[in-house]
Every structure is written in structure tokens, then in C-alpha cells.
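# Structure at a glance
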Amino acid sequence: MFGTGHIIFIIISIIMILCGTAVCFTKKPPVRKLLKICFCLAAAMELIKMFLLLELVPVVEPVISGGTFVYRETGRYSPYLMAEHLPFELCSLQIAFIFLALVIKNETWQKRLYSVIYGTTLIGGIMAVLLSSLAPKFDSAPDFLTSPRAWEFFIYHSMIIVIAIYIGFSKECDIHFADCKWMIAAVVILDCVSLYLNSMLSVPAYQNGRLMGLEYAVNFFSSYNNPLGITVTEKWQYLIYLVIRIIMAAFMIVLVYLPLYFRDRRRNQ
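Residue numbers restart at each chain and count upward from 1, following the sequence in its written direction. The predicted nature of this model means local features are confined to residues of pLDDT at least 70 and side-chain atom pairs, given and counted, to a pLDDT of 80 or more, with totals for whole chains, interfaces and linings taken over all residues. With hydrogens and water stripped out, all remaining heavy atoms of the structure feed into the side-chain values.

### Focus: the state of the cysteines
Our working definition of a disulfide is a cysteine sulfur pair at a distance within 2.5 Å. All told, the structure shown has zero disulfides when counted by the stated rule. With no disulfide of its own, Cys24 lies closest to Cys38 among cysteine sulfurs, the gap being 7.0 Å. Left without a disulfide partner, Cys180 is nearest to the cysteine sulfur of Cys173, which lies 16 Å away.

Given below as C-alpha cells:
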């Protein structure tokens, strides 16, 4: 993280965000029109990501060979996308949020969705650009900068940050500091769902009917493996980690909604 390639992508992302925001506030497109364009782009980039990460893997069967348990190839292959690449992270879920904002006609619920999109895209997009999970996977800056997956990643997250800024300061959406409660509610619900989702998509290992551990684990919403480097081996440690996450989430939500508070205060004056 924060290697030469990552820093270059951060600079490129800042340029894309500044240019995209300038175009939006200059042209002032209707929010729905912008969301339609961004939904199509987001869906296209999700498809690109899917095909970049898709693998053709052999179909195997378990056998005992020479007294040893092994997997034998059957000669057949199947396309496979690892569970960790499914679109269940906060940023990927924006495709669903944007779709709902476009199809729901009720103005009250539309505004609530706008408030959720504003906060989640701003926080998620900024964290993704600065703390990119892709950065450690590249050995050199040239490999990073020539990777189609890296370009898709940073273009997508720059785009959702532009969406957030435009929605937040658009009179058409009319969201305010008090609307952060809808984002808090959405994050709490999604956080709870992620615990079920991670358990469903992980692969447990049993011995004599007893759970021994996990052969494969997913980590949507950083439910366990955390960017803070906190070691968690006991339930009480995990509860402490959850409290830290809640405090950090509350701080970041207030932080991204503060500009709306000061904007409204200036308007009232």
C-alpha cells in the first residue's frame, strides 16, 4: 500500500474526481439523468470486473489414492468466480442503490436513498482509493499501472465519489445533515447482514460433526480481517473490535455530513 503505483493512481483518481465534479456543476444535469449514466457505466464495469476475475477451473472428485485423500481431475472444467469477488461490498452495492433510486417514484423514499448513496459512496469511495485492497497484490508499479483490473477499480470509485458530491450539493436532492440517520440505519442493517453472508459463503471444516475451523473465509464489510491490524481470537476481542468499528463509522458519517450542515447554515444566514 502507498507504493509508487498506488500513489500515481491516487493522483489520477483526484484528477478524475475534480474533472467529473467540475463537469457536473457546470452542465448541471438532472440527478436522475446522471444516475442513469452512472448506473450503465457501473454495470459495465462490474461485468468487466467479473470477466477479469473469472477463472476456468477443473472439476475434481475426492478419492483415496495410496491411502491418501486427494482430489482427482475429471477432465471437465467450469467457470468460477471466488466468493470474495461477489458484489456485496459497500461500493459494489451502489449499483443496487442507484437502481432503486431510479425505479422508486415515492419522493420521500427517493430522498432517503439519496442520503444513503451520498454518505456510503463518499466514505466507501475515499477509503477504497486511499486504502486500496489491490495495491498489495502487485509487485511493481508498471504491473499496477498496466493492470485493467486496477484501472477499472479506480475509475469506478472515482465515479461514485463524483456522484456523492453532486447529490450532496444538488438542490434537486435536497438532503441535509439530519438525513444522516438513514445512512446510519442502512449501514447497521448491512453490517448485520454481512455477518450472515460471510458465514454462508465461507467453507467450514468439520471433523466427527465438530466445527474445526474454516477452509475458506470471506470478509465483506471487514467483518473480521480489519485494516486496523487488530488481532481477534476471542469473542470478547471481537466485541471490542465491533465497538471500535461503530465509533469509527459514526465519526466518518458525521464528518461527511458536516459540509451539508455548514451549507444549510450559510443559506439560513
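Additional details are given in the paragraphs that follow.
### Points about unusual backbone geometry
The phi dihedral of Asp174 is positive, around 55°, even though this residue is not glycine. Helix and strand labels come from DSSP, where a helix needs a run of H or I of at least four residues and a strand needs a run of E of at least two; each type is numbered from the N terminus. Take Asp174: it is sitting in the loop between helix H6 (148-168) and helix H7 (180-201). For every residue, the accessible area obtained with a 1.4 Å probe (protein chains only) is divided by the maximum for its type, and the residue is called buried under 20%, exposed over 50%, and partly exposed between those limits. Residue Asp174 is classed as partly exposed on the basis of its relative accessible area, which comes to 34%. The backbone of Asn208 shows a phi angle near 55°, a positive value even though the residue is not glycine. For Asn208, the location among the structural elements is in the loop between strand S3 (203-207) and strand S4 (210-216).

### Describing a nonpolar patch on the surface
Residues Phe2, Ile7, Ile11, Ile15, Ile126, Met127, Leu130 and Leu131 make up a contiguous nonpolar surface patch of roughly 680 Å² in combined accessible area. Counting only elements with at least two residues in the nonpolar patch, the list comes to helix H1 (4-27) and helix H4 (107-130). By secondary structure assignment, the location of Ile7 is in helix H1. Exposure above 30% relative accessible area and no salt bridge define the residues that can form patches, which grow by joining like charges within 9 Å and nonpolar side chains of Val, Leu, Ile, Met, Phe, Trp and Tyr within 5 Å. For every accessible area listed, the method is Shrake-Rupley and the probe measures 1.4 Å; residues are considered covered only by the protein chains on display. What counts as a salt bridge is simple: a side-chain nitrogen of Lys or Arg found within 4 Å of a carboxyl oxygen of Asp or Glu.

### Here we look at the nonpolar core
By size, the foremost hydrophobic cluster in this structure holds 58 residues, and its most contacted members are Leu35 and Ile167. Among the secondary structure elements, those contributing two or more residues to this core are H1, helix H2 (31-53), helix H3 (94-103), H4, H6, H7 and helix H8 (235-268). Broken down by element, this core gets its largest block of residues, 12 residues, from H6. In what follows, a contact means two residues having at least one pair of non-hydrogen atoms within 4.5 Å. Apart from residues no more than four positions distant in its own chain, Ile167 is found in contact with Val31, Leu35, Tyr114, Ile117, Tyr118, Cys173 and Ile175. By nonpolar core is meant a set of buried Ala, Val, Leu, Ile, Met, Phe, Trp, Tyr and Cys residues that side-chain atoms within 4.5 Å join together.

### Focus on the environment of Phe51
Structurally, Phe51 is set in helix H2. With a relative accessible area of 57%, Phe51 lands in the exposed category. Expressed as a C-alpha distance, the spacing of Phe51 and Thr146, which sit 95 residues apart in the sequence, is 17 Å.

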